Amino acid sequence: MREARILLGYHAEIAPEAIGIGLQAMVSVRLARHSRALVDGFHRHLLGLPEVLACYHVAGADDFLAHVGVRDSEHLRQFTLTAFTEREEVAHIETRLIFEFQRNVDLPALPPATG
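Please read these numbers as outputs of a predicted model, since none were measured by experiment.

Trainee: Got a minute to help me understand the side chain of His 45 in this structure?
Mentor: Turning to its location among the elements, His 45 is positioned in helix H1 (residues 36-47). Here His 45 falls in the buried class, since its relative accessible area comes to 18%. There is a polar contact of 2.9 Å between the side chain of His 45 and the backbone oxygen of Ala 83. Setting aside chain neighbours within four positions, we find His 45 in contact with Ala 83 and Arg 87.

Trainee: How should I be thinking about the pairing of strand S1 (residues 23-31) in this particular structure?
Mentor: Looking along a regular strand, one sees side chains alternate from face to face of the sheet. Counting buried residues in S1 gives seven out of nine residues, a clear majority hidden from the surface. As defined by bridge partners, S1 adjoins strand S3 (residues 64-70) across seven bridges and the pair is classed as antiparallel. Looking at S3, one finds that Val 29 is bridged to Phe 64. By the bridge criterion, eight bridges tie S1 to strand S4 (residues 90-98) in an arrangement that is antiparallel.

Trainee: Where do I start with the nonpolar core in this structure?
Mentor: Soluble, globular proteins show a tendency: their nonpolar side chains are buried together. Counting 20 residues, the largest nonpolar core has Val 29, Phe 42, Leu 46, Val 68 and Phe 84 as its most contacted members. Every residue in contact with Val 29, bar those within four places of it in the chain, is listed here: Phe 42, Asp 62, Asp 63, Phe 64, Phe 84, Val 90, His 92 and Ile 93.

Trainee: It is not clear to me how the sheet that holds S1 should be interpreted in this structure. Could you clarify?
Mentor: Sheets are built from strands paired through backbone hydrogen bonds, the pairs being either parallel or antiparallel. On the basis of which strands lie adjacent, the open sheet formed by four strands has the order S2-S3-S1-S4 and antiparallel pairing. Here the strands that pair on one side only, and so sit at the sheet edges, are strand S2 (52-57) and S4. Here the strands of the sheet are splayed against their neighbours by 20° on average, with no regard to which way each runs. Each of S1, S2, S3 and S4 touches helix H2 (residues 73-85); the most contacted strand, S4, lies at about 155° to it.

About the criteria used
Residues numbered from 1 in each chain as written. Predicted model: local features only at pLDDT ≥ 70, side-chain atom pairs only at ≥ 80, totals over all residues. Heavy atoms only, no water. Helix = DSSP H or I, 4+ residues; strand = E, 2+ residues; numbered from the N terminus. Buried < 20%, exposed > 50% of the residue type's maximum accessible area, 1.4 Å probe, protein only. Polar contact = N/O pair within 3.5 Å; in protein donor to acceptor, adjacent residues only side chain to side chain. Contact = heavy atoms within 4.5 Å. Pairing = 2+ DSSP bridges. Core = buried A, V, L, I, M, F, W, Y, C linked by side-chain atoms within 4.5 Å. Axes fitted to C-alpha atoms, helices over the stretch in contact; angles between N-to-C directions.

Laid out in structure tokens, this is it:
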């Protein structure tokens, strides 16, 4: 299944508080410009931040959603200032606190598209 790229990897689900994460948030990021170099560079930037648990490059008003895990609200404040607002390519951010997060481990088995 790995060779067929059906099974992409393995992971362990770790209790966030066990590793010092007391607060999670979803940060929406809108870029000022959209050249491939800027988009790819910002994507690499997100993936290099230890606080970023997951990142999504999305369509719509925003360009990226970053699921972040931090110690507390002050850590979130400092992190967003440094990781997002100090970067030239970022035009706008919006932060939403996550009260609860649960992964759905049951993926839908959709039939192949016909066309």
